Amino acid sequence: MAVWKLTTPLTDEDIEKLRIGDQVYITGTIYTGRDAAHKKLVELIEANKPLPFDVKGQIIYYVGPTPARPGKPVGSAGPTTSYRMDSYAPYLYALGIKATIGKGARSEEVKEALKKYKAVYLGAVGGAGALISKRIIKSEIVAYPELGPEAIRKMEVKDFPVIVINDMYGGDLFLEGKKKYHVE
Amino acid sequence: MKVISLKDVKENVKNVVQKANFELNEDVINVIKESMEKEESPEGKAVFDQLLENAEIARKEKLGLCQDTGLAVFFVELGEEIQFKKEDGLESLSQAINEGVREGYKEGYLRKSVVEDPLRRKNTGDNTPAFIHWELVPGDKFKVTFMAKGGGAENMSAIRMLAPAAGQKGIEDFVVETVDSAGPNPCPPIIVGVGIGGNFETSALLAKKALLRRPLGSHHSDPFYADMEKRLLERINKLGIGPQGIGGRITALAVHIEVFPCHIASLPVAVNIQCHSHRLLTFEL
Ligand code: SF4
């Protein structure tokens, strides 16, 4: 299992080298979104309207942080469960999103989209929001402030730690890992 | 007659909702450490390491252990002989608890995770209403247990009305199936609360109550159910899901069971899944 340092925006070449189980450290800009924001984004896509940010080569992090204390860029900020975004994710991968970050398993449709559009699904440690917040340098709301914790944020991250759960070759770390440790 | 001021209730609630979200209890940390020893997967061990480091940071910086600071769930043991004193505009006990939640979640920079309607989904903005379960008890005891219950683990919970003939095996299979199909979603390592018996609604409440038992990982006082807890934990940890679902020996930290009498035709079972971020705190007045 390899270790990679990647800087956003991501390219096809970045994605091609990633395999399940690889450790990746991300530096640069990432965008956040949860259920409510995804619903709005997909409504815009279906109405052929422009999105609030350029999605080409970008990463979406499924997170709804706690409010930042004064002087801090962000509060606790770990991943939320990804399957709730499964019905929306293929639309965004189709437009050029190269990676999503969350926790938990993805649907077959999402895994197909990863193959089709050369993209990955990355896992961050669920329930380690305080630790993860240390890798987020800046955070600002760029769309839907009325959604509170569910607003879309633009974050600057440095060496943000994730593991490749699903790669563009159909690999699935959850299935492989479970097989390895399953006892009848 | 014991008199308790509603203002005291509010202040205590305000404190526990914050402390519980910042400081992981010692018994939970101990079970995490013990389980880490048993974890065979190096990647799994690394996850445990991060959980312990996370707990350190959260405690020192008064930062949410998890960004999902939960629905505010309360179990109240309310002595029948207590009188409550209205103060500071607080007119009722439930108002005092809700006010404590409102102020505590604001003061502690905790996330507001409640929508006011299940389908129209507008955030209430202050994490109220609190989810309060009352239990009337004789005497003048007033004991309040707060649990910050995140959505990820709660969503993987399940309930089933089994036929009595399904018996012990039916119960155990259902529990293991529920954990298996939850897979990586509820942030394993998890804690499994099982409610057996009662009727439809009480079995779910029993499952949640099972999560309140302390210290974490201690067993039911009835050896029959203590054995079932041990057997279930063993079966669950053979699944291979592992920390965060990436494969490993430890999928669950503990299984707690609570039981209750039930109808001759019924065998209800409920499974309430809780994550490693087991935020629980009690106060008494
Ligand atoms: S399941 Fe628990 S640890 Fe995971 S995100 Fe939800 S509250 Fe946090």
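All of these numbers come straight from a predicted model, not from anything done at the bench.

### Some remarks on the sheet that holds strand 4 (residues 131-137) of chain B
Residue and element names in this part refer to chain B.
Right, so step 1: Pairing within the open sheet is mixed, and its four strands lie in the order 4-2-5-10. In the strand order of this sheet, the two ends are held by strand 4 and strand 10 (279-284), each with one partner. Each strand axis lies, on average, 15° off the axis of its neighbour in the sheet, ignoring direction.
Right, so step 2: One ladder, built from eight bridges, connects strand 2 (residues 71-79) with strand 5 (residues 142-149); its direction is antiparallel. Residue L78 lies in a different strand from strand 5, and its bridge partner there is F142.
Right, so step 3: This element, helix 1 (residues 6-22), spans strand 2, strand 5 and strand 10 of the sheet and lies at about 155° to strand 10.

### Regarding the nonpolar core
It is characteristic of soluble globular proteins that their nonpolar side chains tend to be buried jointly.
Right, so step 1: Judged by nonpolar contacts, the single largest core of 82 residues is most densely connected at I26(A), Y93(A), I101(A) and F160(A).
Right, so step 2: Both domain 1 (2-20 + 65-149) and domain 2 (152-277) of chain B contribute no fewer than three residues apiece to this core.
Right, so step 3: When sequence neighbours within four positions are dropped, the list of residues in contact with Y93(A) reads K98(A), A99(A), T100(A), V110(A), A113(A), L114(A), Y117(A), A119(A), V120(A) and Y121(A).

### Points about the sheet that holds strand 6 (residues 158-162) of chain B
Residues and elements named next belong to chain B.
Right, so step 1: The sheet built from four strands is open, its strands ordered 6-9-7-8 with mixed pairing. At either end of the open sheet lies a strand with only one pairing partner, and these are strand 6 and strand 8 (252-260). When the angles between neighbouring strand axes are averaged without regard to direction, this sheet yields 15°.
Right, so step 2: Both strand 7 (residues 190-197) and strand 8 contribute to a ladder of eight bridges, which runs parallel. By the bridge assignment, I191 is partnered in strand 8 with A254.

### Observations regarding the packing of aromatic side chains
Right, so step 1: Summed over all chains, the structure comprises six aromatic pairs over all chains.
Right, so step 2: Judged by centre distance (5.1 Å) and plane angle (70°), the rings of Y61(A) and F160(A) are edge-to-face. Within this pair, whereas Y61(A) is found in strand 3 (residues 59-61), its partner F160(A) is found in strand 7 (residues 152-166), the two being separated by 99 residues in sequence. For the pair Y61(A) and F160(A), one class covers both residues: buried.
Right, so step 3: Here the aromatic cluster, defined as three or more aromatic residues joined through ring pairs, consists of F84(B), F142(B) and F283(B).
Right, so step 4: In this structure, K40(A) is placed above the aromatic ring of Y144(A), and the distance from its NZ or CZ to the ring centre is 5.3 Å.

### Here's the deal with the pattern of salt bridges
Residue and element names in this part refer to chain B.
Right, so step 1: Counted under the stated rule, the structure contains 42 salt bridges over all chains.
Right, so step 2: Its salt-bridge partner being E99, residue R102 comes within 2.5 Å of it at the nearest N-O pair. Taken together, the residues span about one helical turn, with R102 and E99 both in helix 4 (residues 93-107) at a distance of three residues.
Right, so step 3: For R102, a relative accessible area of 32% corresponds to the partly exposed category.
Right, so step 4: Each member of the salt-bridge network shares a partner with another, and the members are K10, E11, K14, E103 and E107.

### Brief notes about the interface of chain A and chain B
Many structure descriptions define interface size as the accessible area lost when the parts assemble.
Right, so step 1: The interface of chain A with chain B comprises 42 residues on the first partner and 45 residues on the second.
Right, so step 2: Of the roughly 3,300 Å² buried between chain A and chain B on both sides combined, carbon and sulfur atoms contribute 57%.
Right, so step 3: It is R69(A), L131(A) and Y181(A) in chain A that bury the most area against chain B; as a group they hold 22% of the surface buried on that side.
Right, so step 4: Where chain A packs against chain B, one counts three salt bridges.
Right, so step 5: Linking chain A with chain B are 18 residue pairs in polar contact (both at pLDDT 80 or more).
Right, so step 6: Elements represented by at least two residues in the side of chain A that touches chain B include exactly helix 5 (129-133), strand 7 and helix 6 (173-181) of chain A.
Right, so step 7: The greatest single-element share of the side of chain A that touches chain B, amounting to five residues, is contributed by helix 6 of chain A.
Right, so step 8: Classifying every residue of the side of chain A that touches chain B by side-chain character gives 21 nonpolar, 14 polar and seven charged.

Thresholds applied
- Starting afresh in each chain, residues are numbered from 1 along the sequence in its written order.
- Written order determines the labels here, with chains lettered from A and ligands numbered from 1.
- Where totals are concerned, whole chains, interfaces and linings use all residues; where local detail is concerned, this predicted model gives features only for residues with pLDDT of at least 70, and gives and counts side-chain atom pairs only at 80 or more.
- Hydrogens and water are ignored here; the side-chain numbers use all heavy atoms of the structure.
- For two strands to be treated as a pair, DSSP must find at least two bridges joining them.
- Only DSSP runs of H or I with at least four residues qualify as helices, and only runs of E with at least two residues qualify as strands; both kinds are numbered from the N terminus onward.
- Orientation is described by axes fitted as lines to C-alpha atoms, over the contacting stretch for helices, and by angles from 0 to 180 degrees between their N-to-C directions.
- In this description, contact between two residues means that some pair of their heavy atoms is separated by no more than 4.5 Å.
- To qualify as a nonpolar core, a set must consist of buried Ala, Val, Leu, Ile, Met, Phe, Trp, Tyr and Cys residues joined through side-chain atoms within 4.5 Å.
- When accessible area is computed with a 1.4 Å probe and restricted to protein chains, residues below 20% of their type maximum are described as buried, those above 50% as exposed, and intermediate ones as partly exposed.
- What marks off one domain from the next here is an automatic or database domain assignment.
- Pairing of aromatic rings covers Phe, Tyr and Trp, the last through its six-membered ring, and needs centres within 6.5 Å; plane angles under 30 degrees mean stacked, over 60 mean edge-to-face, and all others mean tilted.
- Lysine and arginine charges are scored as sitting over a ring when NZ or CZ, respectively, is within 6 Å of the ring centre and within 35 degrees of the ring normal.
- For this analysis, a salt bridge means a side-chain nitrogen from Lys or Arg found within 4 Å of a carboxyl oxygen belonging to Asp or Glu.
- Throughout, buried area stands for the accessible area (probe radius 1.4 Å) lost by two parts on being put together, summed over both.
- Whenever a nitrogen or oxygen atom comes within 3.5 Å of another N or O atom, the pair is scored as a polar contact, on the condition that within protein one atom can donate a hydrogen and the other can accept it, and that pairs from neighbouring residues in sequence are kept only if both atoms are in side chains.
- Throughout, the ten residues Ala, Val, Leu, Ile, Met, Phe, Trp, Tyr, Cys and Pro are labelled nonpolar, Asp, Glu, Lys and Arg are labelled charged, and all others, Gly among them, are labelled polar.

The quantities given are spatial measurements derived from coordinates; they are silent on function.
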